[in-house]
Amino acid sequence: MDNRQKKLMFLGILLLGCLGTGLWQQSFKQKLSPLAQPMVQQPAQPKIKQAQAKTIKVYISGAVHQPGIYDLPVGARAAEALAVAGGVLAEAQTEKVNVARKLRDGSHVYVPFVKSQNYSAKGKANLAANKQWQNKSAVAAKTAKLDLNRATAAELVTLPGIGPAMANRILALRRTRRFYKVEDLLQVRGIGQAKLEKLRPYVKVE
């Protein structure tokens, strides 16, 4: 075997060795690839919870501007319910409503009207007025007739149907001119013929 053949054989063996080494390395990498690759963790998906405000439904009626069913936040009180209903009316009996009451779902907030007790309230007022009238009449009957040109404001208010404002109007008229007769009282604003007849037994002009 000459040198040329030896060189060819050597190159062939070297080529086969390189080829075998390359195949072995490729096979080794493929076996290690599952282990060599780093575990890439998927970013954790944030748990997005839609923050929905919890509400309750409350029925509001009575002496309010806008009665109806409203959604209110949990923990709301009766005062907030009245506010969303536009506030109370002038004739509302707010003292009958516990505005600090904590509401629940399905609660009913009712504001009563004053007119629901008009009769009893008016009756009490009329009774008080009648007693006052009777007291003034009794005082006037026990005293001498008042001279319209000399009576003071304190004396005039003892007359039936005469209060402080009316007494001041009588005195104001007297400062501009004197009374010549009892009928001159008709010139005082608020004194008509009916009231004059009630006053006639208790007043005089000198």
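In this report, we go over the structure that sits alongside the text. In this text, all values refer to a predicted model and were calculated from it rather than measured experimentally.

So, the overall build of the protein chain
Here is step 1 of the chain: A count of helical and extended segments in the protein chain gives six helices and five strands.
Here is step 2 of the chain: What you see in the protein chain, going N to C, is helices and strands ordered as α-β-β-α-β-α-β-α-α-α-β.
Here is step 3 of the chain: Each of the 206 residues in the protein chain was classed as buried or not, and the buried ones make up 24%.
Here is step 4 of the chain: Considering only residue pairs separated by 6 or more positions, the protein chain has 43% of its internal contacts joining residues 24 or more positions apart.
Here is step 5 of the chain: Summed over all atoms, the accessible surface of the protein chain reaches about 15,300 Å², with 58% contributed by carbon and sulfur.

Focus: the sheet that holds strand β3 (residues 108–111)
Here is step 1 of the chain: The strand order across the open sheet built from three strands is β2-β1-β3, with neighbouring strands paired in mixed fashion. Each edge of the sheet is formed by a strand with only one pairing partner; in this case those strands are β2 (68–73) and β3. Ignoring strand direction, the axes of neighbouring strands in this sheet form an average angle of 30°.
Here is step 2 of the chain: With four bridges joining them, strand β1 (residues 55–62) and β3 adopt parallel strand pairing. Residue pairing in the sheet places I60 in a bridge with V109 of β3.

Points about the pairing of β2
Here is step 1 of the chain: The sheet contact formed by β1 and β2 spans six bridges and is antiparallel. Bridge pairing links I56 to L72 in β2.
Here is step 2 of the chain: Where β1 hands over to β2, the hairpin turn is made up of five residues, counted between the paired strands.

Structural notes on the pattern of salt bridges
Here is step 1 of the chain: Scanning the entire structure with this criterion turns up seven salt bridges.
Here is step 2 of the chain: Measuring nitrogen to oxygen at the nearest pair gives 2.9 Å for the salt bridge that ties D184 to R177.
Here is step 3 of the chain: If you follow the salt bridges from partner to partner, you end up with D147, R150, K204 and E206 in one network.

Definitions and cut-offs
- Residues numbered from 1 in each chain as written.
- Predicted model: local features only at pLDDT ≥ 70, side-chain atom pairs only at ≥ 80, totals over all residues.
- Heavy atoms only, no water.
- Helix = DSSP H or I, 4+ residues; strand = E, 2+ residues; numbered from the N terminus.
- Buried < 20%, exposed > 50% of the residue type's maximum accessible area, 1.4 Å probe, protein only.
- Contact = heavy atoms within 4.5 Å.
- Areas by Shrake-Rupley, 256 points an atom, 1.4 Å probe, with all protein chains shown as cover.
- Pairing = 2+ DSSP bridges.
- Axes fitted to C-alpha atoms, helices over the stretch in contact; angles between N-to-C directions.
- Salt bridge = Lys/Arg side-chain N within 4 Å of Asp/Glu carboxyl O.

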